[in-house]
Each structure stands twice: as C-alpha cells, then as structure tokens.
Amino acid sequence: MTEKIGILGGTFDPVHLGHIQIANYATSHLALDRFYFLPTYCPVHKANEAITDAKHRMNMLELSIADYPKFHIETTEIQAEGKLVYTIDTLKILKQKYKNAYLYFLIGADQHAVFSTWKNPEEIVKLVQVVSVSRFGYTKDQAYPIYELPMSNIHISSTQIRTWIKNHTCIEAFVHPNVVKYIKEHHLYET
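The model shown is predicted, which means the values in this text are computed figures rather than measured ones.

Reading the values: rules and limits
- Residues numbered from 1 in each chain as written.
- Predicted model: local features only at pLDDT ≥ 70, side-chain atom pairs only at ≥ 80, totals over all residues.
- Heavy atoms only, no water.
- Helix = DSSP H or I, 4+ residues; strand = E, 2+ residues; numbered from the N terminus.
- Buried < 20%, exposed > 50% of the residue type's maximum accessible area, 1.4 Å probe, protein only.
- Contact = heavy atoms within 4.5 Å.
- Lys, Arg positive; Asp, Glu negative; His and termini not counted.
- Charge placed at Lys NZ, Arg CZ, Asp CG, Glu CD.
- Arc of directions from axis to C-beta.
- Pairing = 2+ DSSP bridges.
- Core = buried A, V, L, I, M, F, W, Y, C linked by side-chain atoms within 4.5 Å.
- Phe/Tyr/Trp six-rings, centres within 6.5 Å; stacked < 30°, edge-to-face > 60°.

Enquirer: Residues and numbers for the overall build of the protein, please.
Expert: If you tally the helices and strands in the protein, you get 7 helices and 6 strands. Moving toward the C terminus, one meets the helices and strands of the protein in the order β-α-β-α-β-α-β-α-α-β-β-α-α. If one aligns the C-alpha atoms of the protein with their principal axes, the spans along those axes are about 45 × 35 × 35 Å. The burial tally for the protein puts 44% of its 191 residues in the buried class. The long-range share in the protein, meaning contacts at least 24 apart out of those at least 6 apart in sequence, stands at 71%. Charge-centre separation for the protein: the mean point of 19 positive side chains lies 2 Å from the mean point of 19 negative side chains.

This is the structure we're talking about:
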C-alpha cells in the first residue's frame, strides 16, 4: 500500500497553533500516514526580509509537534543554508527521498492565488497533489488542478504574532506554551 505524506512548507517564524491545526486537519481529512513541516532557510519571496535564525525556528517546531507522533520536520531546505531554493527543486528531492509515497503539498490561499507565478507550476502539479488551505479574502488561481482543503479560515499569522510580541500583547492563545516560553527565554521578536 502506498504511503500518504503531507508536506507544509513555510518560514514558521514562529510556528503557531494555526499551523498545527492545518496539519491535524489535513492528516485526518486526507488520511495521511505522516506529515512533514518543511521550514525554509531563505524563502525566494522573502529574500530581502529579516528571518529568525533557522536553529530557533527548528527548535520551536520541535516543541510544537512533540505530542504528535505523525508529525515530523523535513530539513531539505534548511540544509540549503542560504541558497535560494525553489519549491520545484525541493519537491524533486522529496519525490526521490520518498519514492513509494504519494505526496500532498499544502499551500496557503495566498499562494494559491499566485500559483501560476511560481517556478514551473506545471511540473509541481505533476509531481505532487497540491492542496490549498482556505483563507478569507483570497482569489484562486484556476489554471492548475489544486485540491481545496475544506476547513474553516484560520485567523492568525506569524506576522501578526511577531507584531503582538513587539507590542507586548499576550500570544498564549495562539502559540504552544513551550514555544511561548522559548520565545521569552531567547528574547525573540522583541525589536
């Protein structure tokens, strides 16, 4: 029987409960055997933005998924160490790595709206099943066969959490308690 693997890429800066909710829902809805969080070292679309050190982002991911046996971290893009990595290149590597698996690659509605602008989108949809996670206010790119995950909107983002931390606003309802503690201990996102 072919193993079914879900993959969610992102900076996870920081990882929040919305990411975990997406992974849980996708794992259940798509009957996945494993789910991988794929943190990027230097996302192409954020090449000019300051991103928290990969070590911290990986540590926060590990703290967030510790209680979920099906959840794992895929380090392919982190290992690129600063080189610009395109999704198509990563997916080719993962397709080789997980030869006998059927891969589901999850993207947000914001990326679904601009999927045609990605590098080689026609190849991506041949390699994996692209799955879009709904988010209010985004249009959909209809040019490619992208499965829409029917879940309610998640009204949270890492950008919002970073802003709240800078403004000394409570984030406990949106971030795993161990991640909150880690952020405080390492003084992340304070300035």
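We are not done yet, so read on.
Enquirer: Tell me about helix α7 (residues 177-185), and name the residues and values.
Expert: Listing the buried residues of α7 in full gives V179, V180, Y182 and I183. The buried side chains of α7 occupy one side of the element, clustering within an arc of 160° when seen end-on. Across from the buried face of α7, at angles greater than 90 degrees, the exposed residues are P177, K181 and K184. Contacts made by the buried residues of α7 are with α2 (54-65) and α6 (158-166). After α7 finishes, the residue H187 shows a positive phi value of roughly 55°.

Enquirer: If you had to explain the pairing of strand β1 (residues 3-10) to someone new, which residues and values would you point to?
Expert: In this sheet, strand β4 (residues 101-108) lies alongside β1 in parallel orientation, the contact comprising 6 bridges. From the neighbouring strand, I7 faces β4, where its bridge partner is F105. Where β1 meets strand β2 (residues 34-39), 6 bridges bridge the pair, whose relative direction is parallel. Within β2, the residue paired with L8 across the bridge is F37.

Enquirer: So what's going on with α6? Which residues, and what values?
Expert: Turning to α6, its buried residues number three or more, namely S158, I161, R162 and I165. One side of α6 holds all its buried residues, which, seen down the axis, span an arc of 100°. Looking one or two residues past α6, H168 carries a phi angle of roughly 60°, positive in sign.

Enquirer: Could you give me a rundown of the nonpolar core, with the residues and numbers involved?
Expert: Counting residues in each nonpolar core, the largest one holds 33 residues, and the members touching the most others are F35, F37, M60, L106, L149 and I183. For this core, the secondary-structure elements that each account for two or more residues are α1 (17-29), β2, α2, β4, β5 (129-133), α6 and α7. Each residue touching M60, except ones within four places of it in the same chain, is listed here: P14, V15, V179, Y182, I183, L188 and Y189.

Enquirer: Outline the packing of aromatic side chains, supporting the account with residue identities and numerical values.
Expert: This model, assessed by the stated rule, comprises 11 aromatic pairs. Ring geometry for Y102 against Y104: centres 5.0 Å apart, planes inclined by 70°, an arrangement best described as edge-to-face. On the basis of relative accessibility, which here comes to 38%, the residue Y102 falls in the partly exposed class. Among the residues examined, Y104 registers a relative accessible area of 11% and is labelled buried. Look at F115 and W118: their rings are 5.0 Å apart centre to centre, the planes differ by 50°, and that puts the pair in the tilted class.

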